[in-house]
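Read off the chains here:
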Amino acid sequence: MIHTKGIEKSFGALKVLKGIDLNVSKAEVVSIMGASGAGKSTLLQILGTLSTPDAGSLVIDGVDVPALDSRGLAEFRNRKLGFVFQFHHLLPEFTALENVMIPAFIAGRSRKDAQAAAMALLEDLGLGERTTHKPSELSGGEQQRVAIARALINRPAVLFADEPSGNLDSKTKEELHRLFFDLRDKYGQTIVIVTHDPDLAAMCDRSLFMVDGQFV
């Protein structure tokens, strides 16, 4: 599902990624750990097409990502990739249902189709009774579940998560961790997670560790 070779990235004189090779299979859940500054989030941004590498190749679901033009890249990102961050980035003026529907509208899906898909996802995630609530009316764990539903609305090939449980209490964190594996089992989702949480890393199919811009 993901194949990279020789990924490099520098910011000025600082070389953050030093030739990353990575293969992730379909429906595999992989965690990436390492100290702050090791390059984890930079790598995730490149894998998620939010940043471009200085060197190296990136193929996702059979697509040579660097070969896409800006419009093709935006369409690929919308249809093939989902993102979950530590802070949910929900739009406060919209309900849970409306927040989840937004990427479907961007993909050109009809309102009827988007609403049906969003409702189904929210019900799957235990939020069927919270669809009309705005983010301020939801708990931290509920907001993160809405963000996950939003990430999944276009049935992406890969779900990327950057410290997804970093600001949740321990009980909510455990529920969220189990949820990732439920999603993999139900949807065949490929998931790449950057985390500092050893419990989450231990649950994954593979846990990779970065030091100074390389896997060790």
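Every value quoted in this text rests on a predicted model; they were computed, and no experiment measured them. (Residues numbered from 1 in each chain as written. Predicted model: local features only at pLDDT ≥ 70, side-chain atom pairs only at ≥ 80, totals over all residues. Heavy atoms only, no water.)

Student: A description of a nonpolar patch on the surface should follow, citing residues and the corresponding values.
Tutor: On the surface, a nonpolar cluster with roughly 280 Å² of combined accessible area is contributed by Phe 209, Val 211 and Val 216. Tracing the chain through its elements places Phe 209 in strand β9 (residues 206-211). You can call Phe 209 partly exposed: its relative accessible area is 41%. (Patch = residues over 30% accessible without salt bridge, like charges linked within 9 Å, V, L, I, M, F, W, Y side chains within 5 Å. Areas by Shrake-Rupley, 256 points an atom, 1.4 Å probe, with all protein chains shown as cover. Salt bridge = Lys/Arg side-chain N within 4 Å of Asp/Glu carboxyl O. Helix = DSSP H or I, 4+ residues; strand = E, 2+ residues; numbered from the N terminus. Buried < 20%, exposed > 50% of the residue type's maximum accessible area, 1.4 Å probe, protein only.)

Student: Please provide a residue-by-residue account of the side chain of Lys 9, values included.
Tutor: Tracing the backbone shows Lys 9 in strand β1 (residues 2-11). Of the buried charged residues, Lys 9 lacks a salt bridge, with Asp 54 as the closest side chain of opposite charge at 4.1 Å. Within the structure, Lys 9 has its side chain in polar contact with the backbone oxygen of Thr 52 (distance 2.8 Å). Leaving out residues up to four positions away in the same chain, Lys 9 has contacts with Leu 14, Lys 15, Val 16, Leu 17, Thr 42, Ile 46, Ser 51, Thr 52, Pro 53 and Asp 54. (Lys, Arg positive; Asp, Glu negative; His and termini not counted. Polar contact = N/O pair within 3.5 Å; in protein donor to acceptor, adjacent residues only side chain to side chain. Contact = heavy atoms within 4.5 Å.)

Student: Summarise the packing of helix α3 (residues 96-106) against helix α4 (residues 111-124); cite the residues concerned and give the values.
Tutor: Relative to each other, α3 and α4 sit at 125°, their axes nearing to 9 Å. Compared by their axis directions, α3 and α4 come out oblique. For the pair α3 and α4, the crossing hand works out as right-handed. Every residue of α4 that contacts α3 at Ala 96, Leu 97, Val 100, Met 101, Ala 104 and Phe 105 is listed here: Arg 111, Ala 114, Gln 115, Ala 118, Met 119 and Leu 122. (Axes fitted to C-alpha atoms, helices over the stretch in contact; angles between N-to-C directions. Parallel < 35°, antiparallel > 145°, perpendicular 65-115°, else oblique. Left-handed = near helix turned anticlockwise from the far one by under 90°.)

Student: Residue-level account of the pairing of strand β3 (residues 29-34), with values.
Tutor: In terms of burial, β3 is a largely internal element, 6 of the 6 residues being buried. Pairing of β3 with strand β8 (residues 190-194) involves 4 bridges; the strand directions are parallel. Its bridge partner lying in β8, Ile 32 is registered against Val 194. Summarising the sheet, β3 and β9 pair through 5 bridges and their orientation is parallel. The partner of Ser 31 across the bridge, within β9, is Ser 207. (Pairing = 2+ DSSP bridges.)

Student: Tell me about the sheet that holds strand β5 (residues 63-64), residues and numbers included.
Tutor: Working definition: the strands of a sheet are paired by backbone hydrogen bonds and lie parallel or antiparallel to each other. Strands sit in the order β2-β1-β4-β5 across an open sheet of 4 strands; the sheet is antiparallel. Among the strands making up the open sheet, the edge pair consists of β2 (14-24) and β5. Sheet analysis places β1 next to strand β4 (residues 55-60), joined by 5 bridges and oriented antiparallel. If you follow Thr 4 over to β4, its bridge partner there is Leu 58.

Student: I'd like a description of the pairing of strand β6 (residues 81-85), backed by residues and values.
Tutor: Of all 5 residues making up β6, 4 are buried, and the element is well covered by its neighbours. Examined bridge by bridge, β6 and strand β7 (residues 158-162) share 5 bridges and lie parallel to one another. Looking at the pairing, Phe 83 lines up with Phe 160 of β7.

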